[in-house]
Amino acid sequence: MPDDDNRKLWADICIRLPRIRDEATVVQERDRYEDLLADTRAGVDTLDGWNALATKIDRLLRNAKTQVIRDGDAAGQSPSWLRGRFRVAHRCPLDHCDRSVVAAPGGAPQCALFAAGMEPDNA
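Once a new chain begins, its residue numbering starts again from 1 and follows that chain's sequence as written. Residue-level local features of this predicted model are given only where pLDDT is at least 70; pairs of side-chain atoms are given and counted only at 80 or more, and the full residue set underlies all totals for whole chains, interfaces and linings. To get the side-chain values, all heavy atoms of the structure are used, and hydrogens and water are removed first.

Asker: Would you mind showing me how to read the overall build of the chain here?
Answerer: Only DSSP runs of H or I with at least four residues qualify as helices, and only runs of E with at least two residues qualify as strands; both kinds are numbered from the N terminus onward. When you go through the chain residue by residue, the secondary structure sums to three helices and five strands. For the chain, the succession of helices and strands along the chain, N to C, is α-α-α-β-β-β-β-β. Categorising residues by exposure relies on relative accessible area from a 1.4 Å probe, with only protein chains included: less than 20% of the type maximum marks a residue as buried, more than 50% marks it as exposed, and the intermediate range marks it as partly exposed. Looking at the chain as a whole, 36% of its 123 residues are labelled buried. Between two residues, a contact is recorded if the distance between any of their heavy atoms is within 4.5 Å. Taking as baseline every contact in the chain between residues at least 6 positions apart, the subset at least 24 positions apart corresponds to 57%. Residue exposure ignores everything except the shown protein chains as possible cover, and the areas themselves are Shrake-Rupley values with a 1.4 Å probe. Total accessible area on the chain stands at roughly 7,600 Å², and carbon and sulfur atoms take up 48% of it.

Asker: So what exactly am I meant to see when it comes to the state of the cysteines here?
Answerer: Two cysteines, two sulfur atoms, one covalent bond between them: this is a disulfide. Disulfides are defined in this document as cysteine sulfur pairs within 2.5 Å. Under the counting rule described, the total for this entry stands at zero disulfides. Here Cys14 stays unpaired: no disulfide links it, and the sulfur of Cys111, its closest cysteine neighbor, is 4.1 Å away. For Cys14, a relative accessible area of 4% gives the class buried. In this structure Cys92 is a free cysteine whose sulfur lies 4.3 Å from that of Cys97, the closest cysteine sulfur available.

Asker: Help me understand the nonpolar core in this model?
Answerer: A general tendency of soluble globular proteins is for nonpolar side chains to be buried together. Here, nonpolar core means buried Ala, Val, Leu, Ile, Met, Phe, Trp, Tyr and Cys residues that are tied together by side-chain atoms lying within 4.5 Å of each other. In this structure, Tyr33, Trp50 and Leu113 are the most contacted members of the largest nonpolar core, which totals 23 residues. Elements with a minimum of two residues in this core: helix 1 (4–26), helix 2 (30–41) and helix 3 (47–63). Top contributing element to this core by residue count: helix 1, with seven residues. Excluding its chain neighbours within four sequence positions, the residues that come into contact with Leu113 are Trp10, Ile13, Leu17, Leu37, Thr40, Arg41 and Trp50.

Asker: Help me understand the packing of helix 2 against helix 3 in this model?
Answerer: For any two helices packed against each other, one specifies the crossing angle of their axes together with the interaxial distance. Viewed as axis vectors pointing N to C, helix 2 and helix 3 meet at an angle of 160°, and their least axial separation amounts to 10 Å. Considering the angle they form, helix 2 stands roughly antiparallel to helix 3. Note on packing geometry: the crossing formed by helix 2 with helix 3 is left-handed. Across from Arg32, Tyr33, Leu36, Leu37 and Thr40 in helix 2, the residues of helix 3 making contact are Gly49, Trp50 and Leu53. In this classification, Asp, Glu, Lys and Arg are treated as charged, Ala, Val, Leu, Ile, Met, Phe, Trp, Tyr, Cys and Pro as nonpolar, and every other residue, Gly included, as polar. Here the residues of the contact of helix 2 with helix 3 sort into five nonpolar, two polar and one charged. To get an axis, fit a line to the C-alpha atoms, keeping to the stretch in contact for a helix; angles then go from 0 to 180 degrees between the N-to-C directions. Here is the rule for angles: anything less than 35 degrees is roughly parallel, anything more than 145 is roughly antiparallel, 65 through 115 is roughly perpendicular, and the remaining ranges are oblique. For any pair of crossing helices, the crossing counts as left-handed if the nearer helix is rotated counterclockwise from the farther one by less than a right angle, and right-handed if it is rotated clockwise.

Asker: For this particular structure, what's the right way to read the pattern of salt bridges?
Answerer: Where charged atoms of side chains with opposite charge meet at close range, the side chains can pair. Here a salt bridge means any side-chain nitrogen of Lys or Arg lying within 4 Å of a carboxyl oxygen belonging to Asp or Glu. Across all of its chains, the model carries eight salt bridges by this definition. The partner of Asp95 in a salt bridge is Arg7, with the nearest N and O atoms 3.0 Å apart. Of this pair, Asp95 sits in the loop between strand 1 (88–91) and strand 2 (100–103) while Arg7 sits in helix 1, and the two are 88 residues apart along the sequence.

Encoded structure:
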């Protein structure tokens, strides 16, 4: 299990994963993205690889003078239809990162990184 600092870094990668996928496609790094995803799901420590890919994507997009919207924090927010209802915090299904997402009971959000339902946080 990763230490606390790495858990925070993994949470950032998990939140940013959809954007990393889309941007990797734009900058022709989709193969690297798919390799990292497969290795991560196979249990390989790929944190440095994800950080390197994200840095490379940011550099390529910046050099191309492409405007990028950074909405990683919004990924963990409750949708408007759920606000005000009973909600349950969910955590990483493999206790790999410290991301927390609030969702309706029985409606576990998916962890895109490991393709698994997030676990209810009973703490």
